[in-house]
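Each chain, written out:
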Amino acid sequence: MNERSERKTISIQDINEASNCSSAEPYALMVLGDSMMPEFEQGEIIVIEPSGLVKDGSFVVAFVNDEYIFRQLVKHEDGWMLKPLNPLYENIPVADIDVAKGVVIMKKRPGKRSEQKSYL
């Protein structure tokens, strides 16, 4: 029997409700899954700025279809879409940029002090 502990996923809403932090303070999340590969690998830590400037090409945490999702916000001829970097996943059309609840400002690989990248 495998005795390894399973990773528990906690929704962003649960974190915000349990935290004493202001909703405008940056927070960190761990990337789960492969939808944003190759730029963001599973296990990397991303720092999100809730009040960051959202623009075409921004990596964002967005709220769509009653869930939070990590994607790239891209403008196209019909409006906006949330784009995964991995072509195995579908684009999600959105009405406007209001779905973005925060902008990724940095990523870091845990345990690797020199492996970080800024997105400002």
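See above for the structure.
Residues numbered from 1 in each chain as written. Predicted model: local features only at pLDDT ≥ 70, side-chain atom pairs only at ≥ 80, totals over all residues. Heavy atoms only, no water.

(A) Representation of the overall build of the protein. Per the secondary structure count, the protein includes one helix and eight strands. Its helices and strands taken in sequence order, the protein reads α-β-β-β-β-β-β-β-β from the N to the C terminus. Residues counted as buried form 34% of the 120 residues belonging to the protein. Across the protein, contacts joining residues at least 24 apart in sequence account for 46% of those joining residues at least 6 apart. Put simply, the protein shows about 8300 Å² of open surface, and 50% of that area lies on carbon and sulfur atoms. (Helix = DSSP H or I, 4+ residues; strand = E, 2+ residues; numbered from the N terminus. Buried < 20%, exposed > 50% of the residue type's maximum accessible area, 1.4 Å probe, protein only. Contact = heavy atoms within 4.5 Å. Areas by Shrake-Rupley, 256 points an atom, 1.4 Å probe, with all protein chains shown as cover.)

(B) Local environment of the side chain of Lys107. Here Lys107 is to be found in strand E7 (residues 100-108). A relative accessible area of 13% means that Lys107 is categorised as buried. For Lys107, the side chain forms a polar contact with the main-chain oxygen of Glu39, separated by 2.4 Å. With residues up to four places along the chain from it excluded, the contact list for Lys107 reads Glu39, Phe40, Glu44, Ile45, Ile46, Glu115, Gln116, Lys117 and Tyr119. (Polar contact = N/O pair within 3.5 Å; in protein donor to acceptor, adjacent residues only side chain to side chain.)

(C) The side chain of Glu49, seen in detail. Relative to the assigned elements, Glu49 resides in strand E2 (residues 45-49). Setting aside anything within four residues of it in sequence, one finds Glu49 in contact with Ala24, Pro26, Gly102, Val103 and Ile105.

(D) Highlighting the pattern of salt bridges. Considering all chains together, one arrives at six salt bridges under this definition. Between Glu41 and Arg109 there is a salt bridge, with the nearest N and O atoms lying 3.4 Å from each other. Note that Glu41 is positioned in the loop between strand E1 (27-30) and E2 and Arg109 in the loop between E7 and strand E8 (116-118), a separation of 68 residues in sequence. For Glu41, a relative accessible area of 31% translates into the label partly exposed. Under the relative-accessibility criterion, Arg109 is labelled partly exposed at 24%. (Salt bridge = Lys/Arg side-chain N within 4 Å of Asp/Glu carboxyl O.)

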